[in-house]
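# Commentary on secondary and tertiary structure
Each chain, written out:
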Amino acid sequence: MNESSSVKHLVRITNCLQTILDLESQLEKLEHGNSLLDEFVVLKSFLEKIDKVDLSEADVERIETATANFLKELQVPLSKAETRGNKGRRLQ
């Protein structure tokens, strides 16, 4: 694999992981969100070392698919949490 492919893989993987990590504050609102947040320590650690990992196109595609599936699974719980959170607020 050439250096250009490695950089592209690195960018794509970093984007996936950062997208998930950006959900941290929203996951805190979920009933079982704390169990997911425990895994964020692992993700953050992996993200710090990602540049040392040799990734193939298949690895990257698998992680992108898993990220998309994870985000899809979170849509309903996050929307419900957001709805519950807004009920107590008044517009001024």
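In this report, we go over the structure that sits alongside the text.

About the thresholds
- Along each chain, numbering runs from 1 in the same order as the chain's sequence is written.
- In keeping with the model being predicted, local features are shown solely for residues with a pLDDT of at least 70 and side-chain atom pairs are shown and tallied solely at 80 or more, while totals for entire chains, interfaces and linings include all residues.
- Calculation of side-chain values draws on the structure's entire complement of heavy atoms; hydrogens and water are dropped beforehand.
- The set of buried Ala, Val, Leu, Ile, Met, Phe, Trp, Tyr and Cys residues whose side-chain atoms join them within 4.5 Å is what this entry labels a nonpolar core.
- Burial classification: accessible surface area is computed with a 1.4 Å probe over protein chains only, and a residue below 20% of its type maximum counts as buried, one above 50% as exposed, and the rest as partly exposed.
- Secondary structure elements follow DSSP: runs of H or I no shorter than four residues count as helices, runs of E no shorter than two count as strands, and numbering proceeds from the N terminus.
- We call two residues in contact when some of their heavy atoms are within 4.5 Å.
- Polar contact criterion, stated in full: a pair of N or O atoms within 3.5 Å, where within protein one must be able to donate a hydrogen and the other to accept it, and residues adjacent in sequence count only if both atoms are side-chain atoms.
- For this document, the term salt bridge refers to a Lys or Arg side-chain nitrogen within 4 Å of an Asp or Glu carboxyl oxygen.

### A word on the nonpolar core
Considering soluble globular proteins, one finds that nonpolar side chains tend to be buried as a cluster. Formed by 16 residues in total, the largest nonpolar core has its most connected members in I13, L27, L30, F40, L74 and L78. Elements with a contribution of two residues or more to this core: α1 (3–21), α3 (33–49) and α4 (57–87). Apart from residues no more than four positions distant in its own chain, L78 is found in contact with L23, Q26, L27 and L30.

### Description of the side chain of H9
The residue H9 is located in helix α1 in this model. For H9, a relative accessible area of 7% translates into the label buried. A polar contact is formed between the side chain of H9 and the side chain of E57, at a distance of 2.9 Å.

### Structural notes on the pattern of salt bridges
Evaluation of the coordinates by the stated rule reveals five salt bridges. Across the pair E64 and R12 runs a salt bridge whose closest N-O atoms are separated by 2.8 Å. Taken as a pair, E64 in helix α4 and R12 in helix α1 lie far apart in primary sequence, 52 residues in all. Among the residues examined, E64 registers a relative accessible area of 27% and is labelled partly exposed. For R12, a relative accessible area of 25% corresponds to the partly exposed category. With its nearest N and O atoms 3.3 Å apart, the salt bridge here joins E24 to K44. Separated by 20 residues along the polypeptide, E24 in helix α2 (residues 24–27) and K44 in helix α3 bring together distant segments of the chain. You can call E24 partly exposed: its relative accessible area is 26%.

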